[in-house]
Amino acid sequence: MAKDFPTREENYAQWYNDLVIKADLAENSAVRGCMVIKPYGYAIWEKIQSTLDRMFKETGHVNAYFPLFIPKSFFSREADHVEGFAKECAVVTHYRLKNAPDGKGVVVDETAKLEEEYIIRPTSETIIWDTYRNWIQSYRDLPLLVNQWANVVRWEMRTRLFLRTTEFLWQEGHTAHATKEEAIEETEKILGIYARFAEEWMAMPVLKGLKSPNERFAGAVETYCIEALMQDGKALQAGTSHFLGQNFAKAFDVQFLSKENKLEYVWATSWGVSTRLMGALIMAHSDDNGLVLPPKLAPIEVVIVPIYKKIEQLGEISIVANKIKQALEKKGISVKYDDRDTFKPGWKFAEYEFKGVPVRLAIGPRDLENQTVEVARRDTLEKEILQMADIENKVEHLLEQIQKKLYHRALSFRENNTFSVDTWDEFKDIIENKGGFVLAHWDGTPETEEKIKEETKATIRTIPLDSKPEIGKCIYTGKTSNQRVVFARAY
RNA sequence: CGGGGUGUAGCGCAGUCUGGUUAGCGCGCUUGACUGGGGGUCAAGAGGUCGGGAGUUCAAAUCUCCCCACUCCGACCA
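Rules and cut-offs
Residues numbered from 1 in each chain as written. Chains lettered and ligands numbered in written order. Predicted model: local features only at pLDDT ≥ 70, side-chain atom pairs only at ≥ 80, totals over all residues. Heavy atoms only, no water. Helix = DSSP H or I, 4+ residues; strand = E, 2+ residues; numbered from the N terminus. Rg over C-alpha atoms; globule rule 2.2 N^0.38 Å. Contact = heavy atoms within 4.5 Å. Areas by Shrake-Rupley, 256 points an atom, 1.4 Å probe, with all protein chains shown as cover. Lys, Arg positive; Asp, Glu negative; His and termini not counted. Charge placed at Lys NZ, Arg CZ, Asp CG, Glu CD. Buried < 20%, exposed > 50% of the residue type's maximum accessible area, 1.4 Å probe, protein only. Arc of directions from axis to C-beta. Core = buried A, V, L, I, M, F, W, Y, C linked by side-chain atoms within 4.5 Å. Domains from an automatic or database assignment. Salt bridge = Lys/Arg side-chain N within 4 Å of Asp/Glu carboxyl O. Polar contact = N/O pair within 3.5 Å; in protein donor to acceptor, adjacent residues only side chain to side chain. Pairing = 2+ DSSP bridges. Axes fitted to C-alpha atoms, helices over the stretch in contact; angles between N-to-C directions. Parallel < 35°, antiparallel > 145°, perpendicular 65-115°, else oblique. Nonpolar A, V, L, I, M, F, W, Y, C, P; charged D, E, K, R; others polar. Patch = residues over 30% accessible without salt bridge, like charges linked within 9 Å, V, L, I, M, F, W, Y side chains within 5 Å. Near = heavy atom within 4 Å.

**Describing the overall build of chain A**
Okay, step 1: Scanning chain A from terminus to terminus reveals 14 helices and 27 strands.
Okay, step 2: Relative to its length of 491 residues, chain A is compact, with a C-alpha radius of gyration of 26 Å against a globular reference of 23 Å.
Okay, step 3: A separation of at least 24 residues holds for 68% of the contacts in chain A among residues at least 6 apart in sequence.
Okay, step 4: Summed over all atoms, the accessible surface of chain A reaches about 23,200 Å², with 50% contributed by carbon and sulfur.
Okay, step 5: Taking the 66 positively charged and 74 negatively charged side chains of chain A as two groups, their mean positions are separated by 2 Å.

Put into structure tokens, the structure is as follows:
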């Protein structure tokens, strides 16, 4: 299946692409820039979804659904917002087709032109805030904590499976609050959820911080983000949480009467993560043998492969295998017993290894005799023979170990690829030759960030929330700075 | 949008420069036998508007023109 699969060293971009396709996660579709997420890939997304959905609900959020189409006029209400998204919007202009005059196919019926064109949502702030106006009158209506799971379209010029596609799936939370403090608290709370999800479920360490004005969401007062480092030394923005101030409330005239009977504008937040997380997950752990998945997000945590010569032996093995399967499932572990006779054990080993299944159990005649199981772990590719007794607890423990191991491996990779630099030459050298996160002083101006980007392709990925103040000189202009920020080339 | 590249079996490719039998190879697929603790072996098969259209020619996958699609590189971006 994957014999001609390139290594990360040979060609990282090709490695990623082949991995996505050959591990059956997704493929390119007939529609330019849009992917088909295949069942195995979608199963991972469903796990991401259900975990986050639970976390949102645990913190008081509820789900709703808003239209795919947004009236064009809504867009122009918030100046920065239009500015940011106008260049990548798909527009619906007509609502009917008719048979082509030459009899070949159908054409747009010009008489069915929409009075007002619709934008296909690139994000839903405008339609949602237009709706919130009717939902909010009093401080008693607040806070409003709504999330939606949806698809959005951003007409990108270049796309890559999961990392950047024209249409993608995401969740977008949109909340309304009575005070600035409460809205900021919400923004930070969500950032915390994102970070916890990334680290505990995806086993991917992330930096929490603020975006520089250049990288800020169009229409936001402040954008918070989680930022991860991929194995090729490039940064990946994994999630964003925005404090929108009163920008949208003012643009859409959303006011409420406070306890003091004063009419005030509502404070807003919005936040989202997308199918891009799939790309992050893939790149965070996978190796030259294929996908590596953290147990908590793997659609199949344990696969059991029977080994037998004659079909009669399969029966005896199946009895044992099914018993183990049930014992594991009782612990909430997802197990697949692959007793297909149409594939050889060796083929199955390679297949599940490539698809990143964390643990594989092999049971053959020898094991039946000795009351043993061969246990193989995907993260280290190690194999060992274990006694069958109490196997479900051993496997459960092993899955926990793998989850931790992946996180620590990714964390030490990040630590080994984070550099603190004080000179421009050193900065250029590391960005160009090593990659990774570069901690450097910056004078705080968008102009300087822009120049650094032009010269090195590196941008400020985040201004870390937990960094200590430190007086220094801007790497580029030499002006004084009181904090280091994180630079990197990014996806 | 600009600059390269590629379209030949499900997938990956050769053949095109230099036109000429029945268009070939690897993987995959089907059937059977032997096999089975890391992608097995052998045998027999199925599968093609050579991206589309027009032209040149006795003859076009091959030469000419037009069109289409995809892809890579740049500017833009979660």
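**Quick word on helix α14 (residues 446–456)**
Okay, step 1: Along α14, the residues that are buried comprise Thr 448, Glu 449, Ile 452 and Thr 456. Down the axis, α14 shows its buried residues gathered within 100° of arc, on one side only. Of the residues in α14, the exposed ones pointing more than 90 degrees away from the buried face are Glu 447 and Glu 454.
Okay, step 2: Buried positions along α14 lie against α13 (424–433), β24 (459–464) and β27 (484–488).
Okay, step 3: Once α14 finishes, Lys 457 follows within two positions and takes phi at roughly 70°, a positive value.

**Observations regarding the nonpolar core**
Okay, step 1: Counting 61 residues, the largest nonpolar core has Leu 52, Phe 162 and Met 204 as the members making the most contacts within it.
Okay, step 2: When residues in this core are grouped by element, the largest group, 8 residues, is from helix α6 (residues 180–201).
Okay, step 3: Viewed by domain, this core spans two of them, domain 1 (12–70 + 127–285) and domain 2 (300–398), each represented by three or more residues.
Okay, step 4: With residues up to four places along the chain from it excluded, the contact list for Phe 162 reads Tyr 16, Val 20, Leu 25, Ala 26, Met 35, Ile 37, Thr 275, Arg 276, Met 278, Gly 279 and Ile 282.
Okay, step 5: Judged by nonpolar contacts, the second largest core, of 29 residues, contains Ile 304, Ile 317, Leu 328 and Leu 361.

**Examining the domain arrangement of chain A**
Okay, step 1: Here chain A is described as being made up of domain 1 (12–70 + 127–285), domain 2 (300–398) and domain 3 (418–488).
Okay, step 2: Between the C-alpha centres of domain 2 and domain 3 the distance comes to 50 Å.

**Brief notes about the environment of Ala 23**
Okay, step 1: With respect to the element layout, Ala 23 can be found in the loop between α1 (12–22) and β1 (26–28).
Okay, step 2: Given a relative accessible area of 0%, Ala 23 falls into the buried group.
Okay, step 3: Distance in space between the C-alpha atoms of Ala 23 and Phe 354 is 6.3 Å, their sequence separation being 331 residues.
Okay, step 4: The contacts of Ala 23, once residues within four sequence positions are left out, are Asp 18, Tyr 40, Leu 291, Phe 354 and Lys 355.

**Points about the side chain of Glu 125**
Okay, step 1: Here Glu 125 lies in helix α5 (residues 125–135).
Okay, step 2: Here Glu 125 sits buried without a salt bridge, and the closest side chain of opposite charge, Arg 154, lies 6.6 Å off (N-O distance).
Okay, step 3: Reaching out from Glu 125, the side chain makes a polar contact with the side chain of Thr 123 at a distance of 2.5 Å.
Okay, step 4: Apart from residues no more than four positions distant in its own chain, Glu 125 is found in contact with His 81, His 174, Phe 217, Leu 244, Phe 248 and Ser 270.

**Quick word on the sheet that holds strand β13 (residues 235–245)**
Okay, step 1: The 11 strands are arranged β3-β9-β10-β16-β13-β12-β11-β24-β27-β23-β22 in an open sheet whose pairing can be described as mixed. Looking at which strands have only one partner, the edges of the open sheet turn out to be β3 (62–63) and β22 (418–420).
Okay, step 2: Across the sheet, helix α8 (residues 276–285) touches β13 and β16 (267–274), and the angle it forms with β13 is around 145°.
Okay, step 3: The strands touched by α13 are β22, β23 (437–441) and β27; relative to β23, the strand with the most contacts, the crossing angle is about 165°.

**Some words on the pattern of salt bridges**
Pairing between side chains becomes possible if they bear opposite charge and their charged atoms approach one another.
Okay, step 1: Taken as a whole and assessed by the stated rule, the structure comprises 26 salt bridges.
Okay, step 2: For Asp 109, the salt bridge goes to Arg 96, with nearest N and O atoms at 3.2 Å. Of this pair, Asp 109 sits in the loop between β7 (106–108) and β8 (113–120) while Arg 96 sits in the loop between β5 (91–94) and β6 (97–99), and the two are 13 residues apart along the sequence.
Okay, step 3: Residue Arg 96 is classed as partly exposed on the basis of its relative accessible area, which comes to 39%.
Okay, step 4: Between Glu 117 and Lys 113 there is a salt bridge, with the nearest N and O atoms lying 3.8 Å from each other.
Okay, step 5: Residues joined by salt bridges that share partners form a network here, namely Asp 24, Glu 27, Lys 38, Glu 351 and Lys 355.

**Notes on the packing of helix α2 (residues 39–58) against α8**
Okay, step 1: Orientation of α2 relative to α8, taken along the N-to-C sense of each, is 105°, at an axis distance of 10 Å. Judged by the inter-axis angle, α2 sits roughly perpendicular to α8. Touching Gly 41, Ile 44, Trp 45 and Ile 48 of α2 are Leu 277, Met 278 and Leu 281, all from α8.
Okay, step 2: Looking at side-chain class alone, the contact of α2 with α8 contains 6 nonpolar, 1 polar and no charged residues.

**Comments concerning a nonpolar patch on the surface**
Okay, step 1: The grouping of Leu 97, Val 106 and Val 108 at the surface amounts to a nonpolar patch, some 270 Å² of accessible area in total.
Okay, step 2: Mapped onto the fold, Val 106 is located in strand β7.

**Here we look at the protein's contact with RNA strand B**
Okay, step 1: Around RNA strand B sit 33 residues, and of these Met 157, Arg 158, Arg 164, Arg 276 and Asp 367 come closest.
Okay, step 2: Sugar plus phosphate, as a fraction of atoms of RNA strand B within 4 Å of the protein: 28%.
Okay, step 3: The separation between a base oxygen of RNA strand B and a polar main-chain atom of Lys 309 is 2.9 Å.
Okay, step 4: Within the side chain of Asp 341, an N or O atom sits 3.4 Å from a base nitrogen of RNA strand B.
Okay, step 5: Those elements that provide at least two residues to the surface near RNA strand B are α10 (345–354), β19 (359–363) and α11 (365–370).
Okay, step 6: For the surface near RNA strand B, the element with the highest residue contribution is α10, accounting for 5 residues.
Okay, step 7: Looking at side-chain class alone, the surface near RNA strand B contains 12 nonpolar, 5 polar and 16 charged residues.

**Side note on the pairing of β19**
Okay, step 1: Buried residues dominate β19, accounting for 5 of its 5 residues.
Okay, step 2: Here strand β17 (residues 302–306) pairs with β19 via 5 bridges, running parallel. Directly across from Val 305, in β19, lies its bridge partner Ala 362.
Okay, step 3: Where β19 lies against strand β20 (residues 372–377), 4 bridges are found, and the strand directions are antiparallel. Paired with Leu 361 across the bridge in β20 is Val 375.

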